[in-house]
Every structure is written in structure tokens, then in C-alpha cells.
There are 2 protein chains.
Amino acid sequence: MPGKTDLSELNCSLARTLAIVGDWWTLLIVRDACIGVRRFGDFQDSLGIAKNILATRLQQLCAAGIMARSGPERRPLYQLTEKGRALLPAMVALMQWGDRFASANKPPVIVTDTSGRPIAPVTLRNNRGDVASEDVRFAAGPGANARTRAFLDALRTAEMKRDV
Amino acid sequence: MPGKTDLSELNCSLARTLAIVGDWWTLLIVRDACIGVRRFGDFQDSLGIAKNILATRLQQLCAAGIMARSGPERRPLYQLTEKGRALLPAMVALMQWGDRFASANKPPVIVTDTSGRPIAPVTLRNNRGDVASEDVRFAAGPGANARTRAFLDALRTAEMKRDV
């Protein structure tokens, strides 16, 4: 797939994230690790995934610094690193979208704090509170290249024309 | 790929979400639509994606109710529906992860409100405030099947044993 290589070269942090964790199995392995799965066999049971695919994905996740392997060579433990745990808000947000739109509001799994209090729907906020999706804007950041700047400028111009 | 069909059958809202939007291009098309791209040619320019892949993905997004097609037959507009806009928190959370871990903290694109105030890092919260990733727990929800319940029970038991 030519897309695989190109993706990380796009001037976009979402594309770069998807180049690392954009494979379905990868995020589901991260999900299992969040829930507490540690052993190869338990990932396999949970996901019904082929051994060779699971082995490759775990290796990639360790190479990417998202998971770390420890314990005895023949019965290793796989755990999330800080970089891996940092995926949790995105993962829960994707899960909540699925609860609403793909699980008919009947969540198979609910996410709580240690006392069982539910995690609220993930929202976008600034220092004043929630920001509605229609009020979200995108602008060139410090890592933008010339193409990204031109692209965002062109869209803003087109939008202003549309508003007239 | 056998995984494609199985994924939506897993008793998990994340798997069901990935079955719908788990393709890289799909989320990047949604990203472009959020930023304001509306036309086929503009998606193509932005993503450098092959015409046939883009056409298929747009068709799938419309069929899934995430985007809607309007305007003249020969020059249609593609816009996000409410279901599509509801992906924004997950998308921004993935983007922020990439800003931090894949773009060396130099975001190509920054996300703001209408006044240019930045969107804060997406966090998990309950009604009392932020919940740290190590304090997040998973439990069977109203849509859990017997297998999911057994799986979560087994993990809890294993965890209690480990704590002893």
C-alpha cells in the first residue's frame, strides 16, 4: 500500500498518529492493555487475532515506544508506557462515539474512575469551558510548512467568499 | 481481510467505531471536512489520494451517515452531518497525541475557538474534574454480552491476585 509510507510525511499530526496507530488491531491491543491485559495469550483470546499478526503488532508497539515488554523471555508481560497511556483520551472518545452511533447507546463497556463514577463524554474545551464543534477553527501552527499555510489560507478565503 | 468483517461483531464500541472510520483515509477526509474542504478536487489536492480511493471513501462516509452530499450532480458538495461532527473530540485528541509524540511538539495545525483561543489538551473528566489515566477503570455496560462480562471479571480477579 503506497499510502502507508506517505501518511507520516503529510504535514499533519493526525496523519502522523494514524501512521503509528491507525491499524485497527493496534488500537484494540492498546485498549486491551488499558483494561489490564498483559499476556500474549490473553490478547489473543480477547481479540481472536492470528498469532503472527498479534506478534507483529506487539513488536511494532514496543518499537514505537507505546508498549514495553518485560518479565521472563518465554512468558513476557506487555504494558503501556506513558506514551501509550497518553492515547487513552482519544481511545475513550472513539469508544464513546461508537457507544452512541454504533452500539445504539448500549455501551458494552463503561469507563469510570476508581470509585465507579462514570467518565463524562469527552468534549473540546478552552480555558473558559466547552467549545461546540461548529465553533472550532483550524490555523497554521509552528510546525506548518508552506503548503499547509497556503491550504489553510485558501480555505479561509473561500469561506469568506461564501459568507458574502 | 477477514478482520474487516469480524471487527464490527466484537462486543466493543471502539472496535465498532474502527470498523466504520478505522481506515486512515476516512479519518483524514473527516479532518479535511472539519477544516472546511467541500469539493472532491480539494480533498484530492489536500490528501494526494487516488481518485478511485477518494470516491469510494466519500461514498462509504455518506452511506454511513457521517457525510452528506448536496449541490449539483456534477459538482457536489460534501459536508459532515451531526454524526460526523461528533467525531471531532476523538479526532482532535488523536491530533494532539501526534503533536506531542510524532510532531516533536511543533503542531502543523492548531485548533482554536472562533476567537483564536486554543483548545486545551483533551482530558478524561467526571463530574468532579480531570481523571488521571491510571485511575481509569473499565466495567461491563448495558450492552455487554456474556463473554465480555466473563473477560472483565477474569481480569479483575487476576488484578486482585497480583495486588496480594
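Treat the numbers as computed from the prediction; the structure is a model and nothing was measured.

Parameters and conventions
- Residues numbered from 1 in each chain as written.
- Chains lettered and ligands numbered in written order.
- Predicted model: local features only at pLDDT ≥ 70, side-chain atom pairs only at ≥ 80, totals over all residues.
- Least-squares fit on C-alpha atoms with pLDDT ≥ 70 in both.
- Contact = placed C-beta atoms within 7 Å.
- pLDDT = per-residue confidence, 0-100.
- Axes fitted to C-alpha atoms, helices over the stretch in contact; angles between N-to-C directions.
- Helix = DSSP H or I, 4+ residues; strand = E, 2+ residues; numbered from the N terminus.
- Parallel < 35°, antiparallel > 145°, perpendicular 65-115°, else oblique.
- Nonpolar A, V, L, I, M, F, W, Y, C, P; charged D, E, K, R; others polar.
- Expected span 1.5 Å × (residues − 1).
- Buried ≥ 20, exposed ≤ 12 C-beta atoms within 10 Å, placed from the backbone.
- Pairing = 2+ DSSP bridges.
- Core = buried A, V, L, I, M, F, W, Y, C linked by C-beta atoms within 7 Å.

Once that is clear, we can look at the relation of the copies chain A and chain B. Rotating chain A by 180 degrees and translating it 0.0 Å along the rotation axis places it on chain B, where the RMSD comes to 0.0 Å. A rotation of that kind, with that shift, is consistent with a two-fold axis. In terms of proximity to the rotation axis, the leading residue of chain A is Ala90 of chain A, whose C-alpha is 2.5 Å off the axis. The fraction of interface residues of chain A whose copies in chain B are also interface residues reaches 100%, indicating that both copies meet through the same surface.

All names here are of chain A. Mean pLDDT over chain A: 89, with 93% of residues reaching 70 or higher. Long-range and interchain partners of residues 1–5, a stretch whose pLDDT sits below 50, account for two contacts in this model, where long-range means more than four residues apart. If you check the scores for this complex, the pTM reads 0.92 and the ipTM reads 0.92.

All right, on to the packing of helix α3 (residues 24–35) of chain A against helix α5 (residues 51–63) of chain A then. Residue and element names in this part refer to chain A. Two numbers describe how α3 lies on α5: the axes approach to 10 Å, and their chain directions differ by 75 degrees. As the angle between them shows, α3 and α5 are arranged roughly perpendicular. Seen from α3, the contacting residues are Trp25, Thr26 and Ile29; seen from α5, they are Ile53, Arg57, Leu58 and Leu61. Residues that form the contact of α3 with α5 fall into these classes: five nonpolar, one polar and one charged.

Residue and element names in this part refer to chain A. Over its 12 residues, α3 runs 17 Å from end to end, which matches the ideal 16 Å to within 8%, given 1.5 Å per residue. Of all the residues in α3, the buried ones are Trp24, Trp25, Thr26, Leu27, Leu28, Ile29, Val30, Arg31, Asp32, Ala33 and Cys34. Positive backbone phi, at 125 degrees, marks Gly36, one or two positions downstream of α3.

Now for the environment of Ala55 of chain A. All names here are of chain A. Tracing the backbone through its elements, the reader meets Ala55 in helix α5. Ala55 gets classed as partly exposed once you count the C-beta atoms within 10 Å, which come to 14. Through-space distance from the C-alpha of Ala55 to that of Phe40 is 8.1 Å; in sequence the pair is 15 residues apart.

Taken together, the contact between chain A and chain B spans 76 residues of the former and 77 residues of the latter. If one sorts the elements of the side of chain A that touches chain B by residue count, helix α7 (residues 88–101) of chain A sits on top with 13 residues. Where strand β6 (residues 137–140) of chain A and strand β3 (residues 109–112) of chain B come together, four bridges link them in antiparallel fashion. Bridging across to β3 of chain B, Arg137 of chain A finds its partner in Thr112 of chain B.

Membership of the largest hydrophobic core comes to 90 residues, with the highest contact counts inside it found for Met91 of chain A together with Met91 of chain B. In this view, Met91 of chain A contacts Leu27, Val30, Arg31 and Cys34 of chain A together with Leu14 of chain B; residues no more than four positions away in its chain are not counted.

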